[in-house]
Amino acid sequence: MGLVCSGKCGQDAVGPEPDAQPPRRPASGKGTKVTPLDDEAKGLAESTGRGARSDREARDAEELQQAQQEYRKEEASDSEDTQPLMPTKTLLVQEAAAGEEPLAPHAHGVSAPNLAFNSRNKMNHLDHSPSQEVTGDMVGQFLKAHPEFLESWLMEQVELETLERWMIRRTQRAKQKSLENGTNGPPVAPAVCLKRSTSKIIRKTSLSRWKFCVHADKRKMLQELTSSLHARPNKAHVLWELAHCISSAVNADGFNLYLVDHVTSTLQHYVETKDGTEVTGGDRWACDVGPGTWMCAWIAHSRQTLRVTSPSHDPRFPRGSPFPEQGLHHALGMVVVQSDGHLAAVLEMYRRESGECFHEEDEEIVNSYLVWGGIALHYAELYHSMVKQRKLNDFILSVVKSIFQDMVSMDTLIMKVMNFAQKLVNADRASLFLVDAKNRQLYARIFDMGSEFDEDNPPQASKEIRFAIGKGIAGIVAQTGQVLNIPDAYADPRFNRTVDQLTGYVTKSILCMPIFIRGNVIGVMQMVNKHGGIFSKVGDEEDEESFEMFAVYCGLALHHAKLYDKIRRSEQKYKVALEVLSYHNSCNDEELDLIQAQSLSEAPPGVDDYYFCPLNLEDMEKVRHAIYMFVDLFGLTRFEKDCLIRFTLTVKKNYRRVPYHNWTHGFSVANSMYTIIKHSPKTFRPLECLALFIGSLCHDLDHRGKNNKFMLETESPLAAIYTTSTLEHHHFNQTVTILQQEGHNIFGKLTSNEYKQVLGNIKHCILATDLAMFFPNKAKLAKLVEENQFDWENPEHRLLIEAIAMTACDLCASAKPWDVQVETVKVIFEEFYEQGDAEKAVGKSPIPMMDRTKTDEQASSQVGFLSGICIPCYELLHKLIPNTEPLLAGCKSNLETWKSIASEKKAKAREEEEEEGEETDTGIEEVNGDEDEEGEETVEEIDDDCIDSRDNGDDK
């Protein structure tokens, strides 16, 4: 129930809260008899109805009237007289006569209920006797004279929520009044805390005001704290600003802040100036954590909150406070603990002897501030970690740039790594040792780098030093892979003092870290003598943790630097090998002079015939004929004669002396392509003709006499470089290598776009000689032809016909006259048998066609090869380029001859079986060549081994 005043005192009348309950009778049935004051209640209701300032007062009056009606019922049912518990007017007057000013009735005020005391000083009931009428002013003066009664009654009778609402309402009124008066400063709410009888100090804060954040000073202090943290988010500054806020909140005369150093287990006094910089003049005061000395040391040791008066007389800490000039008499000390449980600081607030001692409410206020302070401290730690990580990221970025952009040397990278590591942990010296796993040693060329070196002044690489793994601190780290953090080097028996004795340098502390790659130690980084102390494990700097993180990226940088060094050395070896290759595989001056002396304009007889035979020509004659064909097709307007001669001679020299895939085969394929272009001059465009001819001439450069399958199965280095079309990719790369040699680039006068187009088309033509590419190309082109969709203007369609033309020329031996065909087949099978011999040498069984013990299968394999590959190729080419009909006719003629031979061999084999009286399996598969309605031959079965043997460019 609220108190009702007259309204003349300048404050609004406060009625009972909506959820407040009317007074209850005591459980014993004994209580105060209440006389209803109908007239007063009615008068109150009427006055509030006529001139009330708010609906709130009207509701108060109605509730009071309802309460009086209930009291009447209680009075009627209660026959037992009770002692009045409320003070009466007579009592108030008597008290005034005893030494206080008498209470005068207020003339215009609303009558207040009579008051009486019980033994517990509670205002339990109302006495509405008309003869004991009490005014609001009388009640107010009584409460001012008896504050202990008001405190006891409020604490026991009024709900906490009601008190909090009163506090909020009172603060809002004060703020509104301040705005109406035009004051600029924030309103200061009056204290609700009570005066003690002997104290004149009124504390300016309270727990309830803190809980609801209605105190303007506190709000302002928190805003300043937030702004300060944004500017300087380090732990020491956060604690300093927090201490300022707490000291102001509890009305302390001053404070001391002691930061905890976990490395040395000490407390260090921290002071800042007004501009936010730390006071560093003189030695900072510090003490060990523990009991029996200073008050702050005892608080840090016990982690207990301390409220004490005259701390110097307390036996727990006989030395009291370290700063007697502060006049510390009353003290409140608390610890600040981080979220991880580690002690961060000790906060010591004090009041002088003239001030009031600290109370429990002050502790609650401090705890409330520490909640926000803990959050700020946590984010300060996060910010510190982010800054540290950002530094590492910046280093990683610089290392990556050094490796992949600048491509620095290993010495430069080591210098950068050591320089950053030295700055990272604030060390005086840095050393980096690399592991020689083969010799079980550590070695270094740049080591013991100090602060006098940087990127602008790098140390010079001295003579390389080496020592065994397991010797000294670095050797032990390399052997065990464990981090060593040694605070006192001379106290550790593992430390080798020899270096210090030779150099005169004194090693105090060491932090040694292994560097790993794929679980193996590749190096050891050693930091010596941290500035200002020892290398920390857990603390503000966290040297060990930061250094360990750095070592991961350091290992990555060193690993890539090693790889770069290997690649660079390999590149130099490649250049040397290429130089040697160019010397031995390039044409010599004698050959050049010989060709230059001959006439290149005279046409060799029959060179443009599809059935031209190159077997009887010498190698130099083939060179002259090849140059003639080139000049006949393209002229010398855009090509240099000497360059063309060198190129052709070098191409001849780069064909190996193998039975079949040699210079004769390369020349024969180029001659066949020359014949197609010559007889169908408008079929291909000029640049396409150039690519087709050069591609044909170079399509088997450096062929080793083995097919792609053999290269893959024997894990040839070529197979490791090119996983598909192995030999064909190598042939093209050899072509480019020759073009790049001095004086060999026949395309030197072409434009950049023409050069790219020709080179790309040459690659397409050479790769097309892989029979693995023939089958999909044939299927696509045959479908276009059958559906009458082939378009000569379509670039993709033109590439398909170029590929088929390359395959047709590569298989041209199958269309030559029979005498040429027979001689060619002999060298083909000789090359097959050499591959079979090589397969037997490594323990593999070759296919029958490559087994020189099964020569009877040559005829049947040729039937299958010509029927399944050559005839379909020439038929498709003939449909698109009709002038190639001689190729199809020659191939069909040879096929008939091979069929006859295969039939004879099969008949002969059967006769031998009959004579011997037993059946034998010759391994020759029967081929039936029946004529269909159109007169074309069909093959029922094709020997797959025959096709596989010619796969990837091996032809007959």
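It should be noted that the structure appears before, not after, this text.
The structure reproduced in this document is the subject of the present report. Along each chain, numbering runs from 1 in the same order as the chain's sequence is written. Reporting of local features is limited, given that this is a predicted model, to residues whose pLDDT is at least 70; pairs of side-chain atoms are given and counted only at 80 or more, and all residues count toward the totals for whole chains, interfaces and linings. Note: side-chain values were computed over all heavy atoms of the structure, leaving out hydrogens and water.

### Considerations on the overall build of the protein chain
Helical segments are the DSSP runs of H or I of at least four residues, strand segments are the runs of E of at least two, and each set is numbered from the N terminus. For the protein chain, the count of helices and strands is 30 helices and 15 strands. Partly exposed residues are those whose accessible area sits between 20% and 50% of the maximum for their type, while under 20% is buried and over 50% is exposed, using a 1.4 Å probe and protein chains only. In the protein chain, which comprises 956 residues, the share counted as buried stands at 46%. Contact criterion: two residues are considered in contact whenever any of their non-hydrogen atoms come within 4.5 Å of each other. Pairs at least 24 residues apart make up 68% of the contacts formed inside the protein chain by residues separated by at least 6 positions. All accessibility values rest on the Shrake-Rupley procedure with a 1.4 Å probe; residue burial counts only the protein chains present in the view. Of the roughly 49400 Å² of accessible surface on the protein chain, 50% is carried by carbon and sulfur atoms.

### Topic: helix α24 (residues 752-767)
To estimate the expected span of a helix, count its residues, drop one, and scale the result by 1.5 Å. With 16 residues, α24 extends 23 Å between its outermost C-alpha atoms, agreeing within 8% with the 22 Å of an ideal straight helix rising 1.5 Å per residue. Of all the positions in α24, only E754, V758, L759, N761, I762, C765, I766 and L767 are classed as buried. Check the buried side of α24 and you find it contacts α20 (686-698), α23 (726-740), α25 (771-786) and α26 (795-810).

### Observations regarding the packing of aromatic side chains
Two rings from Phe, Tyr or Trp (for Trp, the six-membered ring) form a pair when their centres are within 6.5 Å of each other. A pair whose planes differ by under 30 degrees is stacked, one over 60 is edge-to-face, and the rest are tilted. Enumeration over the complete set of coordinates arrives at 21 aromatic pairs. Through successive ring pairs, a cluster of aromatic residues spans Y258, W285, W294 and F323. Any Lys NZ or Arg CZ found within 6 Å of a ring centre and within 35 degrees of that ring's normal is scored as a charge over the ring. Here R429 stacks its cationic end above the ring of Y505, 5.6 Å away from the centre of that ring.

### So, the state of the cysteines
The rule for a disulfide is simple: a pair of cysteine sulfur atoms within 2.5 Å. Across all of its chains, the model carries zero disulfides by this definition. Free of any disulfide, C809 has its nearest cysteine sulfur in C812, 6.7 Å distant.

### A short note on unusual backbone geometry
Even without being glycine, R303 reaches a positive phi, approximately 60 degrees. By the secondary structure assignment, R303 is in the loop between α10 (295-302) and β6 (306-309). R303 sits in the partly exposed class, given a relative accessible area of 42%.

### Some remarks on the pattern of salt bridges
A side-chain nitrogen of Lys or Arg and a carboxyl oxygen of Asp or Glu constitute a salt bridge if their distance falls within 4 Å. Counted by the stated rule, this structure contains 20 salt bridges. Between R316 and D314 there is a salt bridge, and its shortest N-O distance comes to 2.8 Å. Residue classification places R316 among the partly exposed positions, given a relative accessible area of 35%. Here K652 and E591 are joined by a salt bridge, their closest N and O atoms 4.0 Å apart. Taken together, the positions of K652 in helix α18 (residues 641-653) and E591 in helix α16 (residues 589-597) put the pair 61 residues apart, joining distant regions of the chain. As far as the burial class goes, K652 and E591 line up, both buried. Taken together, the shared-partner salt bridges connect R656, D702 and R704 into one network.

### What to know about the packing of α26 against helix α28 (residues 858-880)
Axis definition: a line fit to C-alpha positions, over the contact stretch in the case of helices; interaxial angles, taken between N-to-C directions, run 0 to 180 degrees. Relative to each other, α26 and α28 sit at 130 degrees, their axes nearing to 10 Å. Classified by the angle between their axes, α26 and α28 sit oblique to one another. Here α26 and α28 pass one another in a crossing that is left-handed. Every residue of α28 that contacts α26 at I801, I804, A805, T807 and A808 is listed here: C873, Y874, L876, L877 and L880. Polar here means any residue other than Ala, Val, Leu, Ile, Met, Phe, Trp, Tyr, Cys and Pro, which are nonpolar, and Asp, Glu, Lys and Arg, which are charged; Gly is therefore polar. Classifying every residue of the contact of α26 with α28 by side-chain character gives nine nonpolar, one polar and no charged. Each angle receives one of four descriptions, namely roughly parallel if under 35 degrees, roughly antiparallel if over 145, roughly perpendicular if within 65 to 115, and oblique otherwise. Left-handed describes a crossing whose near helix is turned anticlockwise from the far helix by less than a right angle; the clockwise case is right-handed.

### Here we look at the pairing of strand β3 (residues 254-261)
Counted residue by residue, β3 has seven buried out of eight residues, so it is predominantly covered. When DSSP locates at least two bridges between a pair of strands, those strands are taken to pair. Pairing of β3 with strand β8 (residues 343-351) involves six bridges; the strand directions are antiparallel. Looking at β8, one finds that G254 is bridged to Y350. Pairing between β3 and strand β4 (residues 266-270): five bridges, direction antiparallel. Looking across to β4, one finds that L259 is bridged to Q268. Between β3 and β4, which pair antiparallel one after the other, the connecting turn spans four residues, and S265 there sits at a positive phi close to 55 degrees.

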